[in-house]
Amino acid sequence: MTPGTPGTPLTVSGYVFGRDCVPLSGVLPDFWQADHAGAYDMAGYTFRGHQFTGATGAFTLRTIVPGLYPGRTRHIHVKAQAPGEPVLTTQLCFPGEPRNSTDALFDPALLMNVRAAGGGRQGTFDFVLDVEGGPTDPPTDPPTDPPTDPPSGSWAPGHPYAAGDRVTYGGAGYRCLRAHTSMTGWEPPGVPALWRRA
Ligand SMILES: [Fe+2]
């Protein structure tokens, strides 16, 4: 979201759990959605972004209510991945939407709880990933040490990479898809949301 973006403010918060319902830290939820008029930013990163769950497995997305576009009910796209685990690609839906009954991709399991709050909306949703529970290893707090190496050459944890940066890992080349600080457990081959073979 950028300052002055039109639309109804929406906060979506919740937790990510494993199969045993233990909160998962270090999970990468990656969200993207249409703007208030139902258009996706296909050139930049407006209404696209990712974050990592903290020690409690919590996430908070601050955005706007996405607009409608032909053929679909109102929805937010999301990919969620625990370190080293498969990517879950799914969507979040809104209760009470007329098009929920006509959208073949709608699934009531994807409904958020949504209520009005302070001129906007507050939504909640908890993800359960098909992974073993328990605290994830390695630790999930982004490193705070300043980078000491240039963002090129071999991939290394703890470095701020920018979109377009190229690294090598395990003898293969990768291109950074979006800015992030690298972390152990999120090496390029296992994180298609952040790195692409190049
Ligand atoms: Fe969509």
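Below: a short report on this structure. A quick note: this is a predicted structure, and the numbers were derived from the prediction, not measured.

Cut-off values and rules
- Residues numbered from 1 in each chain as written.
- Predicted model: local features only at pLDDT ≥ 70, side-chain atom pairs only at ≥ 80, totals over all residues.
- Pairing = 2+ DSSP bridges.
- Helix = DSSP H or I, 4+ residues; strand = E, 2+ residues; numbered from the N terminus.
- Axes fitted to C-alpha atoms, helices over the stretch in contact; angles between N-to-C directions.
- Buried ≥ 20, exposed ≤ 12 C-beta atoms within 10 Å, placed from the backbone.
- Core = buried A, V, L, I, M, F, W, Y, C linked by C-beta atoms within 7 Å.
- Contact = placed C-beta atoms within 7 Å.

### A short note on the sheet that holds strand β6 (residues 88–93)
Phase 1: Strand order in the open sheet made by the four strands is β3-β2-β5-β6, with antiparallel pairing throughout. Single-partner strands in this sheet number two, and they are β3 (48–50) and β6. Strand after strand, the sheet turns through a mean of 20° between neighbouring axes, direction not considered.

### Regarding the sheet that holds strand β12 (residues 172–176)
Backbone hydrogen bonds are what pair the strands of a sheet, in a parallel or an antiparallel way.
Phase 1: Overall, antiparallel pairing links the three strands, which are arranged β11-β12-β14 in an open sheet. In the strand order of this sheet, the two ends are held by β11 (166–169) and β14 (195–197), each with one partner. Across the sheet, the axes of successive neighbouring strands diverge by a mean angle of 40°, strand direction being ignored.

### Quick look at unusual backbone geometry
Phase 1: Even without being a glycine, Cys21 presents a positive backbone phi close to 70°.
Phase 2: Assignment of secondary structure puts Cys21 in the loop between β1 (9–17) and β2 (28–32).
Phase 3: With 10 C-beta atoms packed within 10 Å, Cys21 lands in the exposed category.
Phase 4: Here the phi dihedral of Phe47 falls at roughly 60°; this positive angle occurs in a residue that is not glycine.
Phase 5: Counting through the fold element by element, Phe47 comes out in the loop between β2 and β3.

### As for the nonpolar core
Phase 1: Residues Val12, Val16, Val27, Ala80, Leu92, Met112 and Phe125 are the most contacted members of the largest nonpolar core, which totals 20 residues.
Phase 2: Listing elements by their share of this core, those giving two or more residues are β1, β4 (58–64), β5 (75–81) and β6.
Phase 3: In this structure Phe125 touches Val12, Gly14, Leu92 and Met112, once residues within four positions along its chain are discounted.
Phase 4: Counting ten residues, the second largest nonpolar core, distinct from the first, contains Trp155, Tyr174, Met183 and Leu194.

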